[in-house]
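# Fold and geometry: a report
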Amino acid sequence: MPVKVLFVCLGNICRSPAAEGAFTKLIQDEGLMDEFEIDSCGTGSWHVGELPHTTTRKVAKDYGIDLTHRARQFRGLPDIEYYDYILAMDHSNYGDVVAQASPEEREKIFLFRDFEKEDSKNSYGKGEAVPDPYYGGMNGFVLVQETVMKASTGLLNYIKNTGQLKGINKG
Ligand code: 4NP
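Keep in mind it's a predicted model, so treat the numbers as computed, not measured.

About the thresholds
- Residues numbered from 1 in each chain as written.
- Predicted model: local features only at pLDDT ≥ 70, side-chain atom pairs only at ≥ 80, totals over all residues.
- Heavy atoms only, no water.
- Core = buried A, V, L, I, M, F, W, Y, C linked by side-chain atoms within 4.5 Å.
- Buried < 20%, exposed > 50% of the residue type's maximum accessible area, 1.4 Å probe, protein only.
- Contact = heavy atoms within 4.5 Å.
- 1 Å grid on protein atoms, 1.4 Å probe; cavity = no way out; pocket = protein on both sides within 12 Å on 5 of 7 lines; lining within 4 Å.
- Points joined across faces, edges and corners; volume = space filled by probe spheres on them.
- Nonpolar A, V, L, I, M, F, W, Y, C, P; charged D, E, K, R; others polar.
- Helix = DSSP H or I, 4+ residues; strand = E, 2+ residues; numbered from the N terminus.
- Expected span 1.5 Å × (residues − 1).
- Pairing = 2+ DSSP bridges.
- Axes fitted to C-alpha atoms, helices over the stretch in contact; angles between N-to-C directions.
- Salt bridge = Lys/Arg side-chain N within 4 Å of Asp/Glu carboxyl O.

### Digging into the nonpolar core
Grouped together as the largest cluster of nonpolar side chains are 30 residues, with contacts concentrated most on Val-5, Phe-7, Phe-23, Phe-36, Leu-87 and Leu-155. Ignoring anything within four residues of it in the chain, the contact list for Phe-36 reads Pro-2, Val-3, Val-5, Phe-23, Ile-27, Leu-156, Ile-159 and Leu-165. Val-8, Ile-86, Val-97 and Val-98 belong to the second-largest nonpolar core, a separate cluster that totals eleven residues.

Put into structure tokens, the structure is as follows:
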């Protein structure tokens, strides 16, 4: 059974497709594609069916990541029941997802940046949002890309440590 991971933002054209692409690249690089099923979605419906934002795609491409995801809206309970890890990009997305989940299901819903911690001395990102780049310039999109790559590494390490992956021992 693959580990099922869903990234959630508002429009599903900037942050969550960037996160999906970064996490997918990471597991491809580690030869773990068979171990995961990955998707992204938005709590809003404005961009359903669209490719990611032009700048999101351009920045991802600079990091060797091709974004071909088509935006879809968060489905509520069916998505919550189906996925093992639901990663919200900001507090508003987190609140929207958590509001539809039972207390047990809430345990699989996280702020994505909670996984950004880089080493044992310093913790970065805990409790923080991936800032929405939609109304800003290029720098915001680059910041999103770098943030989602760091958080992806942290998330993969976390999942490895749970012992959920075939052939990878806990610890
Ligand atoms: P995202 O960015 O949630 O990172 O995809 C946004 C995209 C579109 C809108 C807002 C945020 N919008 O209002 O259409």
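That covers the picture; the talk isn't over yet.
### Quick notes on the layout of surface pockets
Its boundaries defined by the atoms lining it, the largest pocket holds a volume of some 180 Å³. Surrounding the largest pocket, Pro-17, Glu-20, Gly-21, Thr-24, Lys-25, Gln-28, Gly-64, Ile-65, Asp-66, Leu-67, Thr-68 and His-69 form its lining. Within the lining of the largest pocket, the residues separate by chemical class into three nonpolar, six polar and three charged. Taken as a whole, the second largest pocket holds about 160 Å³ of empty space. Taken together, the residues that form the lining of the second largest pocket break down as seven nonpolar, three polar and two charged.

### What about helix 1 (residues 15–29)?
Across its 15 residues, helix 1 extends 21 Å between first and last C-alpha, which sits within 8% of the 21 Å expected from 1.5 Å per residue. Counting buried residues in helix 1 gives twelve out of 15 residues, a clear majority hidden from the surface. Buried within helix 1 are the following residues: Arg-15, Ser-16, Pro-17, Ala-18, Ala-19, Glu-20, Gly-21, Ala-22, Phe-23, Thr-24, Leu-26 and Ile-27. If you follow the buried residues of helix 1, they end up packed against strand 1 (3–9), strand 2 (36–42), helix 2 (54–62), helix 4 (91–98) and helix 5 (138–162). Just downstream of helix 1, Gly-31 is the residue with a positive phi angle, here 70°.

### Digging into the sheet that holds strand 4 (residues 109–111)
Strand order across the open sheet formed by four strands is 2-1-3-4, with parallel pairing between neighbours. Each having just a single partner strand, strand 2 and strand 4 make up the two edges of the open sheet. When strand polarity is set aside, the average angle formed by the axes of neighbouring strands in this sheet is 25°. Two elements, strand 3 (residues 85–88) and strand 4, share three bridges in a ladder whose sense is parallel. Along strand 4, the bridge assignment pairs Ile-86 with Ile-109. Against the sheet, helix 4 engages strand 1, strand 3 and strand 4, with an angle of about 170° to strand 4.

### Topic: the pattern of salt bridges
Under the counting rule described, the total for this entry stands at eleven salt bridges. Here Arg-15 makes a salt bridge to Asp-90, at a shortest N to O gap of 2.9 Å. Separated by 75 residues along the polypeptide, Arg-15 in helix 1 and Asp-90 in the loop between strand 3 and helix 4 bring together distant segments of the chain. The closest approach of N and O atoms between Lys-58 and Asp-62, which form a salt bridge, is 3.8 Å. Residue Lys-58 and its partner Asp-62 are both found in helix 2; the two are separated by four residues, about one turn of the helix. Using a relative accessible area of 45% as the deciding quantity, one classes Lys-58 as partly exposed. Each of the salt bridges in this network shares a partner with another, and the network as a whole consists of Asp-39, Arg-72, Arg-75 and Asp-79.

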